[in-house]
Amino acid sequence: MRTGRLGHPATVRFCHWVIALAIPVLLASGLEIFAAFPSFGDKVPEQVVFTPPEAVRLGGWLGGALQWHFTFAWLLIGAGTVYAIYQAVSGNYRQVLFVSRDVAGLWPMIRHYALRGPKPAEHQTYNALQKLAYTVALGLGLVLVVTGLALYKPVQLSGLVAALGGFRLVRIEHFAAMCGLAAFIPGHLVMVALHGWKNFASMWTGSKA
Amino acid sequence: MDGPVDRHRRRRTRRELLKMAPLAAAAALLHPGGLEWVLRSGMKASDSVSARLFRESALAPTFSDREVTPLDRYPVNSYLTDDPEVDLDTWQLEVSGLVRRVRAFTLDELRRLDRLDRVVQNTRHICIEGWDVIGNFGGIRVADLLAHVGAYPGARYLEVECADDYYESIDMASARHPQSLLCDEMHGQPLSRAHGAPLRLVMPTKLGYKQAKYIVGLRVTNVLSARRGYWEDRGYSWYGGL
């Protein structure tokens, strides 16, 4: 391989940045779409859950937001598919996929991040906590794509909608997964900032951090 | 023949070009014309995937009478007015375009077309905003009426004209879907003015804005006019399929 222990292969870097572009657009346009009917219940009477502030919305109105959403959704699906195939074929998924034997490494890492313990020795590319975060984020991405497709095609994919608990529940699932992924982003950015410029640059250039 | 140096240089240029790709993408998005093109292409791609997924045999879920949303909790979404004041006594539906003969039907004539089965179905109406209701809809199949007037079987689109200046156009596969109705009854009663009296479209395979109310004209055609649909001309997806 052209890249070292912490260097990122070109395919991963490419997919990372395409997804990094798509997700904020999908989040913001999704909130604009939600603002058109900010509820999970009946239309009459309508019980507003909350109205997202205009500053975090994208598209200007429902129609505009749907255009953004249904354009960038294909970027996410495309890059996500390429990423998944690459990870599976190259075996790189072992670096990021959280498995049962990583459980033991979680607590020491949490203690370390809480400044309550020494940094655990590194045996693998990513520590247990990182693997958990990446695995959950990737899983949420998959949930968002699957529930998104179900909401987009509830008649042609009526079996999928039924398996996911019905149309209204799928809307809630899509929204909840979005919240989870949105929570991952600030944590991810803080860790990137803490680990310095070289680490950040390696996601662009592939160089060793 | 390429020498090793040439090949190396060409690969370098290709890599340089690839590195420019994000920059080019950003430029396209920042330029208003470019952004519009990108978003329009995205919607076109979505519509074409949507149309490919359509299967005539895939029926929309149907519901029991108990699950039907009561009329007092059934939203009325109209873009201009709840009532364009259609004169029900003189109302006619004109069917034109690629049909064996252009015809106008009164409501009584439509109801008495004895070869046409009446259909009653409990199906879900999904609004593009995200809400949904279950309605009880009665009427005749669009496909049956099209067969009755001898619509050209290969025709691609159905254009819908309404009394209130609303307008729609629908791909023929969806229009001919067995659950696509010309609906004159809701919840066992004649269609109310708020819900589109005397005749509206009900297509559980399409989003709500495709279900035109106050219909006065149907036109079978192979060429869509510049007016695709009231909301579609303002930015909604033309296909609008579920």
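> How do you make sense of the overall build of chain B when you look at a structure like this?
Secondary structure assignment for chain B yields five helices and 10 strands. The buried share among the 242 residues of chain B stands at 49%. Long-range pairs, those at least 24 residues apart, make up 70% of the contacts in chain B with a sequence separation of at least 6. Per element, the accessible surface of chain B, about 12700 Å² overall, is 53% carbon and sulfur.

> Quick question: what am I supposed to make of the overall build of chain A here?
A count of helices and strands for chain A gives eight helices and zero strands. Seen in sequence order, chain A has helices and strands lined up from the N terminus as α-α-α-α-α-α-α-α. Expressed along its principal axes, the backbone C-alpha trace of chain A runs to roughly 60 × 35 × 35 Å. Within the span of chain A, comprising 209 residues, buried residues form 37% of the whole. Restricting to contacts in chain A with at least 6 residues of sequence separation, those with at least 24 account for 65%. If you average the places of the 16 positive and of the 7 negative side-chain charges in chain A, the two averages end up 17 Å apart.

> Is there a simple way to think about empty space enclosed by the protein in this case?
Space left empty within the atom packing is revealed by a probe, the size of a water molecule, rolled over the atoms. Counting across every chain of the model gives five cavities of 30 Å³ or more. Empty space within the largest cavity amounts to approximately 970 Å³. Along its surface, the largest cavity is lined by 43 residues, and A:Ile33, A:His69, A:Phe70, A:Leu151 and A:His174 are the ones closest to its centre. Elements that contribute at least two residues to the lining of the largest cavity include exactly helix H1 (10–36), helix H2 (62–90), helix H5 (128–152) and helix H7 (167–194) of chain A together with helix H2 (32–53) of chain B. Broken down by class, the residue content of the lining of the largest cavity amounts to 30 nonpolar, 10 polar and three charged.

> Got a minute to help me understand the confidence of the model for chain A in this structure?
Fine structural detail should not be taken from predicted coordinates in areas where pLDDT scores are low. Per-residue confidence for chain A gives a mean pLDDT of 90; residues scoring 70 or more make up 96%. The element-level mean pLDDT for chain A is lowest in helix H8 (residues 196–205) of chain A, coming to 81, with helix H6 (residues 158–163) of chain A highest at 97.

> How do you make sense of the interface of chain B and chain A when you look at a structure like this?
Many analyses report the size of an interface as the accessible area lost when the parts associate. On the chain A side, the residues contacting the 36 residues of chain B number 26 residues. Together, the buried faces of chain B and chain A total about 2900 Å²; carbon and sulfur atoms form 65% of this surface. The largest share of the area that chain B buries against chain A comes from B:Leu39, B:Glu129 and B:Leu242, three residues that together contribute 20% of it. Taken together, chain B and chain A are joined by three salt bridges. The closest approach of N and O atoms between A:Asp42 and B:Arg73, which form a salt bridge, is 2.9 Å. On the surface where chain B and chain A come into contact, there are 10 residue pairs in polar contact (both at pLDDT 80 or more). Mapped onto the side of chain B that touches chain A, the elements with two or more residues apiece are H2 and strand S3 (118–126) of chain B. Ranked by the residues each element gives to the side of chain B that touches chain A, the list is headed by H2(B), at 10 residues.

> Is there a simple way to explain a nonpolar patch on the surface in this structure?
Among the surface-exposed residues, A:Trp197, A:Phe200 and A:Trp204 lie close enough to one another that they form a single nonpolar patch of about 390 Å² accessible area. Here A:Trp204 is to be found in helix H8.

> Help me understand the sheet that holds strand S6 (residues 167–171) of chain B, please; the structure alone is not making it clear to me.
Pairing between the strands of a sheet is mediated by backbone hydrogen bonds and can be parallel or antiparallel. All names here are of chain B. Overall, mixed pairing links the five strands, which are arranged S2-S1-S10-S5-S6 in an open sheet. If you trace the sheet from one side to the other, it starts and ends with strand S2 (103–105) and S6, each paired once. Direction aside, neighbouring strands of the sheet carry axes that sit 20° apart on average. Summarising the sheet, strand S1 (residues 93–97) and S2 pair through three bridges and their orientation is antiparallel. Counted as the bridge partner of Val-95 is Arg-103 from S2.

Here is what the cut-offs are and how they apply
Along each chain, numbering runs from 1 in the same order as the chain's sequence is written. To label them, take the chains in the order written and letter them from A, then take the ligands in the order written and number them from 1. Two thresholds apply to this predicted model, a pLDDT of at least 70 for residue-level local features and 80 or more for giving and counting side-chain atom pairs, whereas whole-chain, interface and lining totals are computed over all residues. The side-chain values count all of the structure's non-hydrogen atoms but skip hydrogen atoms and water molecules. Every helix listed is a DSSP run of H or I at least four residues long, and every strand listed is a run of E at least two residues long, numbered separately from the N terminus. Partly exposed residues are those whose accessible area sits between 20% and 50% of the maximum for their type, while under 20% is buried and over 50% is exposed, using a 1.4 Å probe and protein chains only. By definition in these notes, contact holds between two residues if any of their heavy atoms fall within 4.5 Å. Computed with the Shrake-Rupley method and a 1.4 Å probe, the accessible areas treat only the protein chains shown as cover for residues. Only four residue types enter the charge count, namely Lys and Arg as positive and Asp and Glu as negative; His and the chain termini do not. For the purpose of locating charges, the reference atoms are NZ of Lys, CZ of Arg, CG of Asp and CD of Glu. The rule is simple: put a 1 Å grid over the protein atoms alone, call a set of points where a 1.4 Å probe fits but cannot get out a cavity, call an open set with protein on both sides within 12 Å along at least five of seven lines a pocket, and count a residue as lining if it has an atom within 4 Å of a point. Grid points are joined across faces, edges and corners, and a volume is the space filled by probe spheres set on the points. Each residue is assigned to one of three groups, with Ala, Val, Leu, Ile, Met, Phe, Trp, Tyr, Cys and Pro labelled nonpolar, Asp, Glu, Lys and Arg labelled charged, and all others, Gly among them, labelled polar. Think of pLDDT as the predictor's per-residue confidence, scored from 0 to 100. A 1.4 Å probe defines the accessible area here, and the buried area is the portion of it lost by two parts on being joined, summed over both. Put simply, a salt bridge is a Lys or Arg side-chain nitrogen that is within 4 Å of an Asp or Glu carboxyl oxygen. Pairing of N or O atoms within 3.5 Å defines a polar contact, subject to two protein rules: one partner must be a possible hydrogen donor and the other a possible acceptor, and residues neighboring in sequence count only if both atoms are side-chain atoms. The patches described consist of residues with a relative accessible area above 30% and no salt bridge, like charges being joined within 9 Å and nonpolar side chains (Val, Leu, Ile, Met, Phe, Trp, Tyr) within 5 Å. When DSSP locates at least two bridges between a pair of strands, those strands are taken to pair. Axis lines are fitted to C-alpha atoms, over the contacting stretch for helices. Their N-to-C directions set the angle, which ranges from 0 to 180 degrees.

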